[in-house]
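Chain by chain, the residues run as shown.
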Amino acid sequence: MALFNLGTLASTPVIKNNFDLTTSDSTDVFKFQITSGKNINLSLTDISAGDDADIRLFRDANNNGVLDSFDRKVGLVSNRGSNQDEAINFKTSSGSFFAEVSRFATGSSGDVSYNLALSATEPSGTFPISASSSNLLPKEFVLGDLSSNVTRTGNVNNQNTTDVYSFSLGFLESVDIRLDGLSSDADIRVIRDSNNNRIVDAGEVIGSSTNAGITSELISNINTPGDYFLQVTEFTGATNYNVSFNQFSVPA
Ligand SMILES: [Ca+2]
Ligand SMILES: [Ca+2]
Ligand SMILES: [Ca+2]
Ligand SMILES: [Ca+2]
């Protein structure tokens, strides 16, 4: 196991790109602190083709500075198949944490390389701690080119504050995006990752909808060809949701 001490994690993402796991050194652990209630965001991307890596998040529950079996009793995991991106978005109180990236041996052929981004974003409100949009862009749900209407259902909650969908639009394709079926407040925003670094940088949010309560959300008429991300984010509490991508053609 390799251990990396990141110090205090804040909203500016910490980037650890082109890290490697091997059969003899199959886990990397990144230790960090948050000094007040925040949203911890972890994004594991660019896992090497033909391989599988997973990510886990643990609190240093016994405060001894070591990731031990006591800490491992409670944690969050993202362990999808093959080299799909992994994501954790956790609303939590201050403390010390360990993010552990591990090589999933059964799904991997040799060395496994990956990119990791970590951030701790500020709550949107003051009290109680409200969720905030992640500034990381793992491809959790890959929709591809929107050549027909797509509807998906999901759930956001304190242990999964953000879901990220990736989609693209071709020439003369447009889309309206609607979020409904809410039982608690959730919001949406659309991001164009212009510099392709899988981080939400200044100027990359091209639309958002943040109505109060369980009012539905709508972002209309995105119509420039290209690749996009949609984030669905919890605001105050757990909720199921429906997200609809209503595709239509732009008149030539
Ligand atoms: Ca410990
Ligand atoms: Ca995996
Ligand atoms: Ca970016
Ligand atoms: Ca809302």
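Below or above, wherever it landed, is the structure these notes cover. It should be emphasised that the depicted structure is a prediction, and the values quoted were computed from it without experimental measurement. (Residues numbered from 1 in each chain as written. Chains lettered and ligands numbered in written order. Predicted model: local features only at pLDDT ≥ 70, side-chain atom pairs only at ≥ 80, totals over all residues. Heavy atoms only, no water.)

## Some points on the sheet that holds strand 3 (residues 27-34)
How we decide: Pairing between strands requires that DSSP locate at least two bridges from one strand to the other. Strands here are runs of E lasting at least two residues and helices are runs of H or I lasting at least four, both read from the DSSP assignment and numbered beginning at the N terminus. In this analysis an axis means a line fitted to C-alpha atoms, helices contributing only their contacting stretch, and an angle means the value between N-to-C directions, from 0 to 180 degrees.
On the basis of which strands lie adjacent, the open sheet formed by 5 strands has the order 1-3-8-5-6 and mixed pairing. Edge positions in the open sheet fall to strand 1 (2-8) and strand 6 (75-78), since each of these has one partner strand only. Going across the sheet, the axis of each strand differs from the next one's by a mean of 15°, ignoring polarity. In terms of strand pairing, strand 1 meets strand 3 through 6 bridges, oriented parallel.

## Quick look at the packing of aromatic side chains
Short version of the rule: In this analysis, rings of Phe, Tyr and Trp, with Trp reduced to its six-membered ring, are considered paired at centre separations within 6.5 Å, and the interplanar angle assigns stacked below 30 degrees, edge-to-face beyond 60, and tilted for intermediate values. Any Lys NZ or Arg CZ found within 6 Å of a ring centre and within 35 degrees of that ring's normal is scored as a charge over the ring.
All told, the structure shown has 9 aromatic pairs when counted by the stated rule. Considering the side-chain rings of Phe-4 and Phe-19, the 5.2 Å spacing of their centres and the 70° angle between planes classify their relative orientation as edge-to-face. In this pair, Phe-4 sits in strand 1 while Phe-19 sits in strand 2 (residues 14-21), placing the two residues 15 residues apart along the sequence. Chaining the aromatic ring pairs together yields one cluster made of Phe-141, Tyr-165, Phe-167, Tyr-228 and Phe-245. The lysine or arginine in question, Arg-80, covers the ring of Phe-141, its NZ or CZ lying 5.9 Å from the ring centre.

## Some points on the side chain of Ser-78
Basically, it comes down to this: Within 3.5 Å is the distance limit for a polar contact, defined as a pair of N or O atoms, with the added protein rule that one can donate a hydrogen and the other accept it, and that residues adjacent in sequence qualify only through two side-chain atoms. Contacts: residue pairs with any heavy atoms within 4.5 Å of one another.
Inspection of the secondary structure assignment puts Ser-78 in strand 6. A distance of 2.5 Å separates the side chain of Ser-78 from the side chain of Glu-86, its partner in a polar contact. Not counting residues within four places of it along the chain, the set of residues in contact with Ser-78 comprises Asp-54, Ile-55, Glu-86, Ala-87 and Ile-88.

## Observations regarding the coordination of the calcium ion (ligand 3)
Test applied: Counted as donors are the N, O and S atoms within 2.8 Å of the metal, or 3.2 Å for Na, K and Ca, while water is not among the atoms, so some sites may look incomplete.
With distances of 2.2 to 2.7 Å, the protein atoms coordinating the calcium ion (ligand 3) are Asp-193 (OD), Asn-195 (OD1), Asn-197 (OD1), Ile-199 (O), Asp-201 (OD), Glu-204 (OE) and Glu-204 (OE). Along the chain, the residues donating to the calcium ion (ligand 3) fall in the pattern D-x1-N-x1-N-x1-I-x1-D-x2-E.

## Some points on the coordination of the calcium ion (ligand 4)
Rules: The rule is simple: take the accessible area with a 1.4 Å probe, protein chains only, and divide by the maximum for that residue type; under 20% is buried, over 50% is exposed, in between is partly exposed.
Distances from the calcium ion (ligand 4) to its protein donors, namely Asp-185 (OD), Ala-186 (O), Asp-187 (OD), Asn-211 (O) and Glu-217 (OE), fall within the range 2.2 to 2.4 Å. Mapping the donors of the calcium ion (ligand 4) onto the primary sequence yields the spacing D-A-D-x23-N-x5-E. One end of the pair, Asp-187, is in strand 14 (residues 186-191); the other, Glu-217, is in strand 16 (residues 217-222), and 30 residues separate them in sequence. Under the relative-accessibility criterion, Asp-187 is labelled buried at 14%. By relative accessible area, Glu-217 is classed as buried at 0%.

Geometric values such as these leave the question of function open.
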